[in-house]
Amino acid sequence: MCSNNHHHEMVLCPQCDLLVELPEWEQGTKAVCPRCQTTLIAWWKEPKHQPTGYAISALFMLLIACLFPFVSMSVTGIDSEITLFQIPQTMFNEDYASIGIFFLFCVQLVPAFCMVAIILLCQGIAMPQKIRLWLARVLFQMKNWCMVEIFLAGVLVSFVKLIAYGDIGLGLSFLPYCLFCLLQVRAFQCLDRHWLWNQIEFAPTVGISLQAGKSGLVQGVRLCQCCTAILPVDQLICSRCHTRGHARRRNSLQWTMALLVTALILYIPANVLPMMVTESLGNQSDSTIMAGVILLWSIGSYPVALVIFIASIMVPSLKMLAIGWLCWDAKGHGRRDSAQMHFIYEIVEFVGRWSMIDVFVIAILSSLVRMGKLISVYPAMGAMIFSLVVILTMFAAMTFDPRLIWDRANVKHSL
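Residues numbered from 1 in each chain as written. Predicted model: local features only at pLDDT ≥ 70, side-chain atom pairs only at ≥ 80, totals over all residues. Heavy atoms only, no water.

Asks: Explain the UniProt feature "transmembrane region" (unreviewed entry) in the chain to me, please; I cannot follow it from the model alone.
Replies: As annotated in UniProt, the feature "transmembrane region" (unreviewed entry) corresponds to residues 54-76, 96-122, 134-156, 162-183, 257-277, 289-315 and 377-400 in the numbering used here. The straight-line gap between the two end C-alpha atoms of residues 134-156 is 36 Å; of that span, 78% is helix and 0% is strand. Within the segment residues 257-277, helix and strand shares are 76% and 10% respectively, and the terminal C-alpha atoms sit 33 Å apart. (UniProt positions renumbered as here; feature names shortened; annotations may be inferred. Helix = DSSP H or I, 4+ residues; strand = E, 2+ residues; numbered from the N terminus.)

Right under this line is the structure:
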């Protein structure tokens with residue numbers, strides 16, 4: 001257990017590369033970067049036991065959620081119910097294994113793995129150091145791919161569409177899964193990366209005289225993006241977590257633009273091709289993203305129609321435009337304030353995952369609405385292409401180095 005006060009320590013901001021000297025701190029407080037307002041360290045009152053407690057509770061709720069039916073539906077006396085495992089199974093049966101794998105990966109496997117990793121690392125369970133380092137590295141890399149809360153939002157949206165088909169019922173696993181969503185989010189919130197890596201191994205000493213308030217690059221040091229250690233700029237391999245890195249992500253803008261252009265090309269067929277196919281009494285109708293929004297609006301579901309329109313049409317379009325703008329500015333062509341551009345980057349990084357709501361809605365509808373010739377819903381090619389667009393834009397945001405936004409300001413400040 002750490003004491004209430006801490007000696008003065010230097011940290012590098014992962015977003016703007018500013019070297020910050022941590023003040024005297026008390027448990028229950030946090031330190032933020034004075035320039036970009038990024039949270040650098042959070043000193044939780046129980047940094048070891050809080051994440052563990054939430055993670056154990058989350059795993060228990062997930063276990064219960066997987067044992068019982070999730071939602072049910074009744075249409076003119078015909079009943080249908082699904083479990084969480086039947087949703088990806090339906091995708092596999094309909095030859096949309098990619099969507100099924102993505103669902104299984106982001107909604108069940110990755111969140112469960114992260115909760116187990118939090119328990120093992122926070123409690124210091126005896127294991128080889130190589131495995132401990134691997135768990136810590138993978139844990140924070142997988143955080144963005146935990147989409148439990150997005151799936152839950154998709155479930156709520158799907159209920160509005162399902163009401164048009166028949167009566168909806170909640171299974172015994174619905175409430176436990178909602179609790180699992182809240183608990184796993186809270187487990188991540190209570191876990192501080194800086195604290196965790198110091199529990200695994202103390203940060204290496206730099207051996208360079210550093211000055212707070214200046215860029216790390218200007219002073220000849222870089223940040224290990226994995227374990228937050230401060231390293232000499234010419235040291236490629238971190239001596240603590242053994243990951244390879246550079247002062248700036250290599251070819252960051254090139255990779256970002258390549259992923260962005262690919263996403264733009266796929267975004268056209270994703271909006272033109274149908275997302276799902278509905279068969280009712282022998283009649284077949286296709287539904288694109290925009291058609292689904294218009295249908296929801298026409299039946300009076302204005303809030304849900306707005307959610308789908310914003311998440312599936314506005315967010316991907318604006319995100320791709322914003323990423324292109326960030327690359328343009330980072331290349332030195334823009335004249336915008338670095339703080340404003342960083343704010344845009346934070347928005348892009350946060351909202352990008354939420355475009356997956358529509359894909360999860362289709363997965364739920366395709367799994368539950370299976371009433372033979374009476375009414376059945378199937379995924380279509382547009383759903384798979386749209387999910388690729390979202391994934392590519394997520395990777396584009398990940399490969400973009402936000403420190404490039406601040407480099408010009410760093411140079412001016414050092415002169």
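Alright, that's what it looks like, and here's the rest.
Asks: What's the story with the pattern of salt bridges in this structure? I'm lost.
Replies: Opposite charge on two side chains makes pairing possible when the charged atoms of those side chains draw close. Taken as a whole and judged by the stated rule, the model has 4 salt bridges. Across the pair arginine 353 and glutamate 149 runs a salt bridge, and its minimum N-O distance is 2.7 Å. Residue arginine 353 is located in the loop between α11 (338-351) and α12 (357-368), and its partner glutamate 149 is located in helix α5 (residues 148-163); the two are separated by 204 residues in the primary sequence. What makes arginine 353 buried here is its relative accessible area of 13%. The class of glutamate 149 is buried, set by a relative accessible area of 18%. Of the charged contacts, one joins arginine 403 and aspartate 401 as a salt bridge, the two residues approaching to 2.9 Å between their closest N and O atoms. Comparing arginine 403 with aspartate 401 shows no difference in burial state: the two are buried. Because the salt bridges share partners, they merge into one network encompassing Asp17, Arg248 and Asp407. (Salt bridge = Lys/Arg side-chain N within 4 Å of Asp/Glu carboxyl O. Buried < 20%, exposed > 50% of the residue type's maximum accessible area, 1.4 Å probe, protein only.)

Asks: Hey, could you run me through the packing of aromatic side chains in this one?
Replies: The description of an aromatic ring pair rests on the distance of the ring centres and on the angle between the ring planes. This model, assessed by the stated rule, comprises 13 aromatic pairs. Judged by centre distance (5.3 Å) and plane angle (45°), the ring pair of tryptophan 145 and phenylalanine 395 falls under tilted. Here the residue tryptophan 145 occupies a position in the loop between α4 (129-142) and α5, and phenylalanine 395 occupies one in helix α13 (residues 381-399), the gap between them amounting to 250 residues. Looking at tryptophan 145, the relative accessible area reads 8%, which means it is buried. Three or more aromatic residues joined by ring pairs make a cluster, and in this case those are Phe70, Phe102, Phe103, Phe151, Phe159, Phe174, Tyr177, Phe180 and Phe360. Cation over ring: arginine 193 sits above phenylalanine 140, and NZ or CZ is 4.3 Å from the ring centre. (Phe/Tyr/Trp six-rings, centres within 6.5 Å; stacked < 30°, edge-to-face > 60°. Lys NZ or Arg CZ within 6 Å of the ring centre and 35° of its normal.)

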